Amino acid sequence: MTDITSIVGLNKLQELAAPGKAASSGDIGGRFAESLKEAIATVDGMQKDSEAAQAAYARGEEVDLHDVLIRVEEAEMAFKTMMEVRNKLVDAYREVMRMGG
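Residues numbered from 1 in each chain as written. Predicted model: local features only at pLDDT ≥ 70, side-chain atom pairs only at ≥ 80, totals over all residues. Heavy atoms only, no water.

1. Comments concerning helix 4 (residues 65–100)
- Helix length check: helix 4 (36 residues) gives 53 Å between terminal C-alpha atoms against 52 Å at 1.5 Å per residue, within 8%.
- By the burial criterion, the buried members of helix 4 are Val68, Glu74, Ala75, Ala78 and Met82. (Helix = DSSP H or I, 4+ residues; strand = E, 2+ residues; numbered from the N terminus. Expected span 1.5 Å × (residues − 1). Buried < 20%, exposed > 50% of the residue type's maximum accessible area, 1.4 Å probe, protein only.)

2. A word on the pattern of salt bridges
- This model, assessed by the stated rule, comprises six salt bridges.
- Of the charged contacts in the structure, one is a salt bridge between Arg59 and Glu61, with a shortest N-O distance of 2.8 Å.
- Two residues, Glu76 and Lys80, come together in a salt bridge whose shortest N-O distance is 3.1 Å. Separated by four residues within a single helix, Glu76 and Lys80 lie in helix 4, roughly one turn from each other.
- Members of the salt-bridge network, linked through shared partners, are Asp49, Asp67 and Arg71. (Salt bridge = Lys/Arg side-chain N within 4 Å of Asp/Glu carboxyl O.)

3. Re the nonpolar core
- Within the largest apolar cluster, five residues are counted, these being Val43, Met46, Ala75, Ala78 and Met82.
- The set of elements that each furnish at least two residues to this core consists of helix 3 (25–58) and helix 4.
- Examining the composition of this core, we find that three residues originate from one element, helix 4, more than from any other. (Core = buried A, V, L, I, M, F, W, Y, C linked by side-chain atoms within 4.5 Å.)

Shown next as structure tokens:
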């Protein structure tokens, strides 16, 4: 099984917010964007892996149903987690815009 924290890149995002690391805002923004891209790519890969396992099972290939179901659930959980992170980022953006305007 895959650790959900690593799926959505939260370990990398926590590193960016670690105290004591002096970095420019551009550096942090670039690393944040890269971490976000990696997390999205990981979730996309999990979705594709899940779809491939389902298709193989549907074709009658010798695929363990339990493995297929685990892949589907992992992909679904990763997607839901990614959407929650996205929602929090949108909320934070709106809050910053509200304070500035």
